[in-house]
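# Residue-level structure breakdown
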Amino acid sequence: MMDQQAETTISAASVTTTGTKATRALGIVCLAGTALLVFLGLIGTPEDEVQRDTVRILYIHAPAAWVAYLAFGVTALASVFYLWKRTRSLTWDRIAGASAEIGVLFTAITLATGMIWGHLSWGVYWTWDARLTTTALLFVLFLGYLALRRMPADPHVRAKRAAILGIIAFIDVPIVHQSVEWWRTLHQDATVLRRDLQVQIEGTMLFTLFLGFVVFTLIYAWLLLHRTRIAVMEDALDEHGLELALEERRAEGVPDGAPEGLATT
Amino acid sequence: MNDAGWILGAYVIVLGGIALYAIRIVTRGRSLAKQLPDEDKTWT
Amino acid sequence: MFRDAALIAGKDLRIEARSRVATNQIAPFALLVLILFAFALDPDRGILTRATAGLFWVTVLFCTLLAVQRAFSIESADGNRDALRLTALDPAGIFLGKAAAIALELLGLEVLLLLGVVVLYDASLDSAGLLILTALAATAGLASAGTLYGVLAAGLRVRETLLPLLLLPVVAPVLIGSTRAFEAALSGSPSDGWPWVGLLSVFALVYLALGLVAFGPLLEES
């Protein structure tokens, strides 16, 4: 791999984070947007006629659900790009994995906020409606995807396996959703069926909801950039981490000015 | 605010969860970056 | 492709005939699960009879896991996977053959389980046509998805724990559809069940297609 002496020793590495000017700017926008969202969500908007203050959870629950689906969509798309010979590159694989991890986080958030909403609105933490059930299954599906990615293997072997799994899992989601939808609509009576959002969204509420979607999407982008770069480094560490460690060891043992009689490979 | 505890709790879970994850990946990024030479960092 | 499939299916079934793992281990396991459900739920309050459809198919799902594990563990012995790749058999045919063998084993188990629920849960088998078609469509889906995920997880040391986690969420629609169809059949209103057979057939076709396409690339890795 590295058949010449490494020019950069560890202490001379000048890049010490996964951040760049761009991500820092993005991060600041995210923070500002989140602050505004929280202010509007908790204070700046009125309570809903029917749902009263419970509607405030909507401002973070719906965007979280959106990001979860977006993240898994990105995973599936990146998987396709990896498998397609003309665009094959491990970068796509790393994006897929990073996006899936973020997706799992936001799915957990969606489920948690959904349960709180359910408790406040209907007195139950869970109902087996299509959306909630599909989200729970999505959670488990992609936990399995992440488990598969952790299996030790050659990067391309892992990438191919994960890519196929990622695409299949994504295809499965609409099938699961439809099945649960049909299943549950058979058993629900009319009043229960309309458990959906009985919210009059207008004015500042609509703006806050829209803001939520935008802010969460930006947060997703920020997280994805950082997490993908970590994946790049993790793969690099797997590839020549041992060599780097050996060099470091040897560098420790060499007094300053020693000749290059000490071979590094 | 009605049910203030639950609603604030929801916000804490969401933002706290995201923040914790963000901190974790930034920290991990730093520790990995320390171990690798610059040419491995393809975003620079 | 079909000739290769027949070859592989024949091989797997012959191995089964000689080793009798499905008959000696998976079948008793299936009956055991039915019995355990009776321990867990109250047999005297009619719960078992009402829940027969669901319990039946959950048991079938467990058996699918075992059958798939078994189908791929016979390939990992003695460098079989490499031998398989060297035979230049069409990978799609290999997929079809393995899936067919698994499907046949599952169908046999399902017949046994039907007898089991008649005896143990006091179920009455009306609408046999609906029952049979449901079982065929569901089994096709289970076998296809199982074979695909089996090769995905094959060769990994933690296959036994990973396969259920990967496969079971994916076949959730099969569980939903087959249970609803069986419920419709067992409760004497079969017309409700036929749409579910449609869903099961779509699922089976989708996974058959996915398997035919993806099995080859996955087989190449080990």
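The numbering scheme is per chain: residues are counted from 1 as the chain's sequence reads. In the order they appear in the text, chains get letters beginning with A and ligands get numbers beginning with 1. Only residues with pLDDT of at least 70 get local features here, since the model is predicted, and only at 80 or more are side-chain atom pairs given and counted; chain-wide, interface and lining totals rely on the full set of residues.

### Overview of the overall build of chain B
- Counting secondary structure elements, chain B contains one helix and zero strands.
- C-alpha extents for chain B along the principal axes are approximately 55 × 15 × 10 Å.
- With C-beta atoms placed from the backbone, a residue counts as buried when 20 or more other C-beta atoms lie within 10 Å of its own, as exposed when 12 or fewer do, and as partly exposed for counts between those limits. Put simply, chain B has 44 residues, and 27% of those count as buried. Numbered from the N terminus, helices here are DSSP runs of H or I no shorter than four residues, and strands are runs of E no shorter than two.

### Considering the overall build of chain C
- Counting its secondary structure elements, chain C contains 10 helices and zero strands.
- Taking 2.2 N^0.38 as the reference for a compact globule, 222 residues should give roughly 17 Å; the C-alpha atoms of chain C span a radius of gyration of 18 Å, in line with that estimate.
- The principal-axis extent of the C-alpha atoms belonging to chain C is close to 55 × 30 × 30 Å.
- Here chain C holds 222 residues, and the buried ones make up 48% of them. For the radius of gyration, the atoms used are the C-alpha atoms, and the globule rule reads 2.2 Å times the number of residues raised to 0.38.

### Description of the interface of chain C and chain A
- C-beta atoms are placed from the backbone for every residue, and two residues are taken to be in contact when these atoms lie within 7 Å. Contacts between the two partners involve 19 residues from chain C, matched on the other side by 19 residues from chain A.
- Of all the secondary structure elements, the ones that give two or more residues to the side of chain C that touches chain A are α8 (159-170), α9 (172-186) and α10 (194-220) of chain C.

### Description of the arrangement of the chains
- In this assembly two pairs of chains touch, with chains A and B having more contacts than any other pair.
- The least C-alpha distance between chain B and chain C, which are not in contact, is 24 Å.

### So, the packing of helix α1 (residues 21-44) of chain A against helix α2 (residues 55-83) of chain A
Residue and element names in this part refer to chain A.
- Angular values range over 0 to 180 degrees, each being the angle between N-to-C directions of two axes fitted as lines to C-alpha atoms, with helices fitted over their stretch in contact. Their axes nearest at 8 Å, the elements α1 and α2 cross at an angle of 150 degrees. In terms of axis orientation, α1 runs roughly antiparallel to α2. Of α2, the residues touching α1 (which contributes Leu 37, Gly 41 and Leu 42) are Arg 56, Tyr 59 and Ile 60.
- Side-chain classes follow a simple rule in which Ala, Val, Leu, Ile, Met, Phe, Trp, Tyr, Cys and Pro form the nonpolar group, Asp, Glu, Lys and Arg form the charged group, and the remainder, Gly included, forms the polar group. Taken together, the residues of the contact of α1 with α2 break down into four nonpolar, one polar and one charged. Note that the term roughly parallel is reserved for angles under 35 degrees, roughly antiparallel for angles over 145, roughly perpendicular for angles of 65 to 115, and oblique for everything else.

### Overview of the interface of chain A and chain B
- Across the boundary between the two partners, chain A contributes 38 residues, which contact 32 residues of chain B.
- For the side of chain A that touches chain B, the secondary structure elements donating two or more residues are α1, α2, α3 (90-122) and α7 (204-253) of chain A.
- Here the side of chain A that touches chain B takes 12 residues from α7(A), the largest share from any one element.
- Residue composition of the side of chain A that touches chain B, grouped by class: 22 nonpolar, 10 polar and six charged.

### Points about the environment of A:Trp92
Residues and elements named next belong to chain A.
- With respect to the helices and strands, Trp 92 occurs in helix α3.
- The spacing of Trp 92 and Tyr 82 is 10 residues in sequence and 5.5 Å in space, taken between C-alpha atoms.
- When sequence neighbours within four positions are dropped, the list of residues in contact with Trp 92 reads Ala 78, Phe 81, Tyr 82 and Thr 87.

### Digging into the confidence of the model for chain C
- pLDDT is a residue-level measure of predictor confidence that goes from 0 to 100. On average, residues of chain C score 85 in pLDDT, and 96% of them reach the 70 mark or higher.
- For this predicted complex, the interface score ipTM comes out at 0.91, alongside a pTM of 0.83.

### Points about helix α7 (residues 128-153) of chain C
- The end-to-end C-alpha distance of α7(C), which contains 26 residues, comes to 36 Å, matching closely the 38 Å that a straight helix rising 1.5 Å per residue would cover.
- Across the 26 residues of α7(C), 21 count as buried, placing the element largely inside the fold. Under the convention used throughout, the expected extent of a helix is 1.5 Å for every residue step, that is, one less than its residue count.

### Comments concerning the packing of helix α4 (residues 130-149) of chain A against α8(C)
- Packing of α4(A) against α8(C) brings their axes to within 9 Å, and their N-to-C directions diverge by 145 degrees. In terms of crossing hand, the pair formed by α4(A) and α8(C) is left-handed. Of the residues in α8(C), those in contact with A:Leu137, A:Val140, A:Leu141, A:Gly144, A:Ala147 and A:Leu148 of α4(A) are C:Leu162, C:Leu165, C:Leu166 and C:Pro169. The handedness criterion is simple: a crossing whose near helix is rotated anticlockwise from the far helix by less than a right angle is left-handed, and one whose near helix is rotated clockwise is right-handed.

### Here's the deal with helix α1 (residues 2-19) of chain C
Residues and elements named next belong to chain C.
- Over its 18 residues, α1 runs 25 Å from end to end, which matches the ideal 26 Å to within 8%, given 1.5 Å per residue.
- Buried residues of α1: Ala 5, Ile 8, Ala 9, Asp 12 and Glu 16, and no others. Projection of α1 onto a plane perpendicular to its axis shows the buried side chains occupying an angular sector of 100 degrees, all on one side. Counted as exposed and oriented over 90 degrees from the buried face of α1: Arg 3, Arg 14, Ala 17 and Arg 18.
- Tucked inside the fold, the buried residues of α1 contact α2 (21-40), α4 (52-76) and α6 (91-120).
- Phi turns positive one or two residues past the end of α1, at Arg 20, with a value near 55 degrees. Relevant arc is that of directions from the helix axis to the C-beta atoms, nothing else.

### Some thoughts on the environment of A:Ile116
- Note on placement: A:Ile116 falls in helix α3.
- Look at A:Ile116 and you get buried, because 20 C-beta atoms sit within 10 Å.
- As a C-alpha pair, A:Ile116 and A:Trp126 span 10 residues in sequence and 9.2 Å in three-dimensional space.
- Setting aside residues up to four positions removed in sequence, A:Ile116 forms contacts with A:Ile57, B:Trp6, B:Gly9 and B:Ala10.

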